[in-house]
Amino acid sequence: MAKFAKLSFKKDELNKELSGFFKGIMENGAVDAVLAPMAQGKKGNRLTLVTSAANIGQIDPFAPIAAVSGAKIASSLTSRPSGRKVAMVLRPCEIRAVVELVKLKQVNLDDVVMIGMDCLGRYENTDFAKFQEQGGTSESFLENAQAGKTAMADCDIIGACKICEFPTADNVDMRLCVIGADEGSVFVEAVTNKGEEALGKSGLKAGGVPAGRGEAVKKLVATRTEARDKKFAEFRAETNTFEALSDKLSACINCYNCRVACPVCYCKECVFITDTFRHTGEQFMMWADKDGMLKMPNDTLFYHLTRITHMSLFCVGCGQCTSACPNDIDLMPLFRTSADKTQARFNYQAGRSVDEEQPMAGFKSDELVEVTGQVK
Amino acid sequence: MSEFEPKIVAFFCNWCTFTAADLAGTSRLSYPPNIKIIRVMCSGMVDPKYVLKAFLNGADGVLIGGCWPGDCHYINGNLKARRRVALVTELLKQYGIGEERFWLRWIAASEGNMLKEVADEMTAKLKQLGPSPLQNKGQMAV
């Protein structure tokens, strides 16, 4: 049974109250370190690894920004474990990516207390700066976003967040619940034994239930699911041929930023930067000869399609690909629509469960008979 | 105007389908020359990249030939191939290359006849379908 503890805060003191909670779990030995989004000086916000409780004051987990995917940071911290206990405060999409990386043995959760925050979306990195300039704070964002108001003068939360049907996190030890909570309150929920132990040591008193949460989450999920289906239908209608897809990707320069930013692009070394794709001049000439010309850099569409065969089964729809593109190609719908099809084929959902086997990791002799249609 | 001749890139497993092609030849069975065979050691080593590249370069069809489930020389390479084919089919379908252009078939070393049948059938099917939507798009597109 999940346990809740209510954290009440006065105006402009949300982060102060939160830092009190994290200070508690650090000082009382529930964890040795905290990885959480923190304000950087006056501007910006990044995931920050804190090992001294005295430095937790800058914590600001609900700031609407995720400059890089926390799943990649979780991998850096735990794929070769430190042996020290760390509480990680991540977004739902980051946690779903973590689940996939656990299965790929690129994240190890043994020493991790995973804390999932309710997520109402994020701005692009540069838009977050504007948000701060216009006086935006996490508290103002939470209040407005809950009322459906995320748009600012010339920008809004990213497209991926608008169609994200996972505003709350699963596969976590604790949650920071804001959706549907009354003004001036946040709930800390302990989900697992590990979470309960941490909550016990935090000094917070268990009690209270976020009464409106279930209903509010349901409503948000419904809105976003509807937006998702609409976006999928639009994108599919726009790109139903390879030619149309190629047009969509026409600004691509093969910089590979999208795969660098992707939390589930799991290869240690990408095949596209290996000798397999380091061709000779003679080879390029031969290709050009075939049709009399060759676009360079070549293999743009090929690169994206190959990436889809690798990562679409694990795509969590975080939108880091779109954010990373220096040429403003909106890649998220490409990967999400593909992922929707490939994951459905294997009845798989990225990030749903650590125990669910990844589709390309197992195989049976009596499955997928329809592929060949042959029966002996 | 001469009839459309589809180009089919065929990846045949060394141990079964390629041997079946050999058998078809020594048995004097003729099959359409539209099938361009690439011998691989196992259907399980056909990387999705090979299939994508074939289609992007204008192949009208791709055929993968492997051992029947249970008969793989490497125990289960063909089962891995089957999952990958299912995955790549889902991808190709979205952009206009349907499963009728991308086949996986189990053809044992003794099944020279079946090899001929599959080759005939696929060639006929693709003649009926016409050229791949990616034909003659040229190297600008990919």
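Just so it is clear, the structure is predicted and the values come from calculations on it, not from any experiment. Sequence positions are assigned chain by chain, starting from 1 and proceeding in written order. Each chain takes a letter, starting from A, and each ligand takes a number, starting from 1, following the order in which they are written. Thresholds applied to this predicted model are a pLDDT of at least 70 for local features of residues and 80 or more for the giving and counting of side-chain atom pairs; totals over whole chains, interfaces and linings are not thresholded and use all residues. Heavy atoms throughout the structure, all of them, feed into the side-chain values; hydrogens and water do not.

### A word on the overall build of chain A
So, step 1. Helix and strand counts for chain A come out as 14 helices and seven strands.
So, step 2. Radius of gyration here is computed from C-alpha atoms only, and the compact-globule reference equals 2.2 Å multiplied by the residue count raised to the power 0.38. A compact globule built from 376 residues should have a C-alpha radius of gyration of about 21 Å, and chain A, at 22 Å, falls within 12% of that.
So, step 3. Dimensions of chain A, computed from C-alpha atoms along their principal axes, come out at roughly 70 × 55 × 40 Å.
So, step 4. Think of it in three bands: residues with accessible area under 20% of the maximum for their type are buried, residues over 50% are exposed, and the middle band is partly exposed, with areas taken using a 1.4 Å probe on protein chains only. By the burial criterion, 51% of the 376 residues in chain A qualify as buried.
So, step 5. We call two residues contacting when some pair of their heavy atoms lies within 4.5 Å. Once local pairs closer than 6 in sequence are excluded, the contacts in chain A between residues at least 24 apart make up 74%.
So, step 6. A distance of 3 Å separates the average location of the 46 positive side-chain charges in chain A from that of its 48 negative side-chain charges. Secondary structure follows DSSP: runs of H or I at least 4 residues long count as helices, runs of E at least 2 residues long count as strands, and numbering of each begins at the N terminus. Note on charges: Lys and Arg go in the positive column, Asp and Glu in the negative column, and His and the chain ends are not counted at all. By convention, the charge on Lys lies at NZ, on Arg at CZ, on Asp at CG and on Glu at CD.

### Some details on the domain arrangement of chain A
Residues and elements named next belong to chain A.
So, step 1. The start and end points of each domain follow an automatic or database-based domain assignment. Taken domain by domain, chain A consists of domain 1 (3-218) and domain 2 (240-363).
So, step 2. At the interface, 26 residues of domain 1 touch 27 residues of domain 2.
So, step 3. When two components associate, each loses some accessible surface as probed by a 1.4 Å sphere; the sum of these losses over both components is called the buried area. A buried area of about 2100 Å², summed over both sides, lies between domain 1 and domain 2, and 51% of it is on carbon and sulfur atoms.
So, step 4. Looking only at domain 1, the three residues that lose the most surface to domain 2 are Arg96, Glu100 and Lys103, adding up to 25% of its buried area.
So, step 5. Think of a salt bridge as a Lys or Arg side-chain nitrogen and an Asp or Glu carboxyl oxygen that are within 4 Å of each other. Our enumeration of links across domain 1 and domain 2 arrives at one salt bridge.
So, step 6. Here Glu165 and Arg336 are joined by a salt bridge, their closest N and O atoms 3.0 Å apart.
So, step 7. The leading source of residues in the side of domain 1 that touches domain 2 is helix H3 (residues 92-103), at eight residues.

### Re the state of the cysteines
Residue and element names in this part refer to chain A.
So, step 1. The rule for a disulfide is simple: a pair of cysteine sulfur atoms within 2.5 Å. Following the criterion strictly, the structure yields zero disulfides over all chains and no others.
So, step 2. Of all cysteine sulfurs in the structure, the one in Cys93 sits closest to Cys318, which takes part in no disulfide; the separation is 5.5 Å.
So, step 3. Taking the relative accessible area as the measure of exposure, Cys318 reaches 12% and is therefore buried.

### Some details on the interface of chain B and chain A
So, step 1. Chain B puts 37 residues into the contact, and the matching count from chain A is 47 residues.
So, step 2. With both chains or domains summed, chain B and chain A bury close to 4000 Å², and 64% of this area falls on carbon and sulfur atoms.
So, step 3. At the surface where chain B touches chain A, the tally comes to three salt bridges.
So, step 4. Between Glu90 of chain B and Arg345 of chain A there is a salt bridge whose closest N-O contact spans 2.9 Å.
So, step 5. Here a polar contact is recorded for every N or O atom pair within 3.5 Å, except that within protein the pair must consist of a potential hydrogen donor and a potential acceptor, and residues adjacent in sequence are included only if both atoms are side-chain atoms. Inspection of the region where chain B meets chain A yields 13 residue pairs in polar contact (both at pLDDT 80 or more).
So, step 6. Looking at the side of chain B that touches chain A, the elements that each hand over two or more residues are helix H2 (48-56), helix H3 (77-93) and strand S4 (102-106) of chain B.

### Re the sheet that holds strand S3 (residues 61-66) of chain B
Residues and elements named next belong to chain B.
So, step 1. Here, any two strands with at least 2 DSSP bridges between them count as paired. What the four strands build is an open sheet, ordered S2-S1-S3-S4; its pairing is parallel. Single-partner strands in this sheet number two, and they are strand S2 (35-40) and S4. Each strand of the sheet is rotated relative to its neighbour by a mean of 20°, with strand direction disregarded.
So, step 2. Lines fitted to C-alpha atoms define the axes, with helix axes restricted to the stretch in contact, and inter-axis angles between N-to-C directions lie between 0 and 180 degrees. Contacting S3 and S4, H3 runs over the sheet at an angle of about 160° to S4.

### What to know about the confidence of the model for chain A
So, step 1. When pLDDT is averaged along chain A, the result is 94, and 100% of the positions lie at 70 or above.
So, step 2. Confidence, read as mean pLDDT per element, is least for helix H11 (residues 281-291) of chain A in chain A (91) and greatest for H3 of chain A (98). A score between 0 and 100, pLDDT records how confident the predictor is in each residue.

### Focus on a nonpolar patch on the surface
So, step 1. A cluster of nonpolar side chains, contributed by Trp15, Met41, Met45, Tyr50 and Tyr74 of chain B, occupies part of the molecular surface with about 460 Å² of accessible area.
So, step 2. With respect to the helices and strands, the residue Met41 of chain B is situated in the loop between S2 and H2. Surface patches are defined over residues having more than 30% relative accessible area and no salt bridge, joining like charges when they lie within 9 Å and nonpolar side chains (Val, Leu, Ile, Met, Phe, Trp, Tyr) when within 5 Å. Here the Shrake-Rupley method, with its probe set to 1.4 Å, supplies the accessible areas, and only the displayed protein chains count as covering residues.

### Some words on the environment of Glu183 of chain A
Residue and element names in this part refer to chain A.
So, step 1. Tracing the backbone shows Glu183 in the loop between strand S6 (174-177) and strand S7 (185-190).
So, step 2. Classification of Glu183 as exposed rests on a relative accessible area of 72%.
So, step 3. Separated by 174 residues in sequence, Glu183 and Phe9 have C-alpha atoms that sit 8.9 Å apart.

### Focus: the sheet that holds strand S4 (residues 86-90) of chain A
Residue and element names in this part refer to chain A.
So, step 1. Ordered by their spatial adjacency, seven strands build an open sheet running S1-S7-S6-S5-S4-S2-S3, and the pairing between neighbours is mixed. Two strands lie at the open edges of the sheet, namely strand S1 (3-8) and strand S3 (45-50), each paired on one side alone. Adjacent strand axes in the sheet meet at a mean angle of 25°, parallel and antiparallel pairs treated alike.
So, step 2. As paired elements, S6 and S7 share four bridges and run antiparallel to each other. Paired with Arg175 across the strands is Glu189, a residue of S7.
So, step 3. Against the sheet, H3 makes contact with S4 and strand S5 (112-117), and its axis sits at roughly 140° relative to S5, the strand it touches most.

### Here we look at the pairing of S3 of chain B
Side-chain positions along a regular strand alternate between the two faces of the sheet.
All names here are of chain B.
So, step 1. Taking burial as the measure, the six residues of S3 include six buried ones, the bulk of the element.
So, step 2. Residues Gly61, Leu63 and Gly65 point to one face of S3 and Val62, Ile64 and Gly66 to the other, with burial holding for every one of them.
So, step 3. Here strand S1 (residues 8-13) runs beside S3; their pairing, made up of five bridges, is parallel. Note that in S3 the partner of Val9 across the bridge is Val62.

### Comments concerning the side chain of Arg122 of chain A
Residue and element names in this part refer to chain A.
So, step 1. Along the chain, Arg122 turns up in the loop between S5 and helix H4 (125-133).
So, step 2. In terms of polar contacts, Arg122 uses its side chain to reach the backbone carbonyl oxygen of Cys318, at 3.4 Å.
So, step 3. For Arg122, the side chain forms a polar contact with the side chain of Ser323, separated by 3.1 Å.
So, step 4. Look past the residues within four positions of Arg122 in its chain and what remains in contact with it is Pro64, Ile65, Ala66, Arg91, Ile157, Ile158, Cys161, Cys318, Gly319, Gln320 and Ser323.

### Here's the deal with the environment of Ser138 of chain A
All names here are of chain A.
So, step 1. The residue Ser138 is located in helix H5 (residues 138-146) in this model.
So, step 2. C-alpha of Ser138 to C-alpha of Thr337: the two residues are 199 residues apart in sequence and 31 Å apart in space.
So, step 3. Non-local contacts of Ser138, meaning those with residues more than four positions away in its chain, are made with Asp60, Phe62 and Ala63.

### Notes on unusual backbone geometry
Residue and element names in this part refer to chain A.
So, step 1. Residue Met296 is joined to Pro297 through a cis peptide bond whose omega torsion reads -5°.
So, step 2. Phi at Lys105 is positive, roughly 60°, even though this residue is not glycine.
So, step 3. A relative accessible area of 72% places Lys105 in the exposed class.
So, step 4. The phi dihedral of Asp299 falls on the positive side, at around 60°, and the residue is not glycine.
So, step 5. Position of Asp299 relative to the elements: it lies in the loop between H11 and helix H12 (300-311).
So, step 6. The class for Asp299 is buried, based on a relative accessible area of 6%.

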